[in-house]
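Geometric and topological summary
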Amino acid sequence: MPTRLFLSPHLDDAILSCGGLIAQAHAAGDRLIIATIFAGDPSPLAAQLPFARYQHTLWGDPIAPMPLRRAEDLAAAAALGVHDVVHLTFADAVYRHLPTGEALYTNDDDLFGALHPADEPLINAIANALRPLIAEADDIYAPLGLGNHVDHQLVAHAARRLSTAARLVWYEELPYAEWDDPTAHTATRTKHPHLVAIDETAMMRKLDAMGYYRTQIPVLYRNEIAMHRRVRAYAARLAEGLSAPYAERYWLEGVPT
């Protein structure tokens, strides 16, 4: 059975975007690995940066945000039968700062804008950290960079720099794919779409797993009811013309053969 490695910028991206495929691949007996890149704890200084504190309030102001988020991710992965979970220790963008203590990203415009020059070395650092995992994989799933979140950009850049015999598959990040049209995005210009049919059982398992991201649901979807409605609606739209009720869309390099 193949080994599938999912590169998740944050502690939720892989399951939000690929949860249906993950559920079906687990049922088929594939080996599954989810590696989250920006899962590290912030320094005491970084945790008190104004933009970081603002994000914490959106997450419910937990006492220890990153340990809680890692626990959420482990529970979500387990709900899909995935126990091979890797949490790398790179810090989320809201925690990164210059040696002087000045934050690299201070608001949403920064967070969904251009990479700060100080972040450029992270691309190689992430690629190097992933190489031991890459060596085990047959298929590697990486984010397209929809929505332009700087952490997604970094992981996409790092994935492109990895030289590997594995097949590189790009996934559409939810919820960004709802408004940042993947078919018109610069990231898909040299790629072609591949639809994966998702059945009702897999969709239910995906939504069940997503429900463990309690800190993130209010930020991304407002509430769980809206999350279920929006995720099903997008997946149903992708499945038009298929024999399945839902689909997830992935992107492969080059033109179809």
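Presented here is an overview of the structure given in this document. (Residues numbered from 1 in each chain as written. Predicted model: local features only at pLDDT ≥ 70, side-chain atom pairs only at ≥ 80, totals over all residues. Heavy atoms only, no water.)

**Let's talk about the nonpolar core**
Core analysis: the biggest nonpolar cluster contains 90 residues, and Leu7, Ile15 and Leu130 have the highest contact counts within it. Take this core: its biggest share by element is eight residues, from helix α1 (residues 13-28). With sequence-adjacent residues up to four places away left out, Ile15 is seen in contact with Ile22, Ile34, Ala76, Ala77, Leu80, Lys206, Ala209, Met210 and Tyr213. (Core = buried A, V, L, I, M, F, W, Y, C linked by side-chain atoms within 4.5 Å. Buried < 20%, exposed > 50% of the residue type's maximum accessible area, 1.4 Å probe, protein only. Helix = DSSP H or I, 4+ residues; strand = E, 2+ residues; numbered from the N terminus. Contact = heavy atoms within 4.5 Å.)

**Considerations on the sheet that holds strand β7 (residues 246-253)**
Here we have seven strands laid out as an open sheet, ordered β3-β2-β1-β4-β5-β7-β6, and mixed in their pairing. Edge positions in the sheet fall to β3 (85-87) and β6 (191-198), since each has one partner strand and no second. Direction aside, the axes of adjacent strands within the sheet are offset by 25° on average. Relative to the sheet, helix α10 (residues 224-238) contacts β6 and β7, its axis offset from that of β7 by approximately 65°. (Pairing = 2+ DSSP bridges. Axes fitted to C-alpha atoms, helices over the stretch in contact; angles between N-to-C directions.)

**Considerations on the side chain of Glu248**
Here Glu248 lies in strand β7. Polar contacts involving the side chain of Glu248 include one to the main-chain amide nitrogen of Leu21, which spans 3.1 Å. In contact with Glu248, other than residues within four places in its own chain, are Ser17, Cys18, Gly19, Gly20, Leu21, His194, Leu195, Val196, Ile198, Lys206 and Leu238. (Polar contact = N/O pair within 3.5 Å; in protein donor to acceptor, adjacent residues only side chain to side chain.)

**Quick look at the pattern of salt bridges**
Two side chains with opposite charge may pair up if their charged atoms get near one another. In total, this model carries 15 salt bridges according to the counting rule given. Residues Asp139 and Arg167 are paired through a salt bridge, measuring 3.0 Å at the closest nitrogen-oxygen approach. Highlighted residues: Asp139 in strand β4 (residues 139-143) and Arg167 in strand β5 (residues 167-171), separated in sequence by 28 residues. Classification of Asp139 by relative accessible area gives buried; the value is 10%. Looking at Arg167, the relative accessible area reads 40%, which means it is partly exposed. Linking Glu248 and Lys206 is a salt bridge whose minimum nitrogen-to-oxygen distance equals 3.0 Å. Taken together, the positions of Glu248 in strand β7 and Lys206 in helix α8 (residues 200-210) put the pair 42 residues apart, joining distant regions of the chain. Both residues of the pair, Glu248 and Lys206, belong to the buried class. (Salt bridge = Lys/Arg side-chain N within 4 Å of Asp/Glu carboxyl O.)

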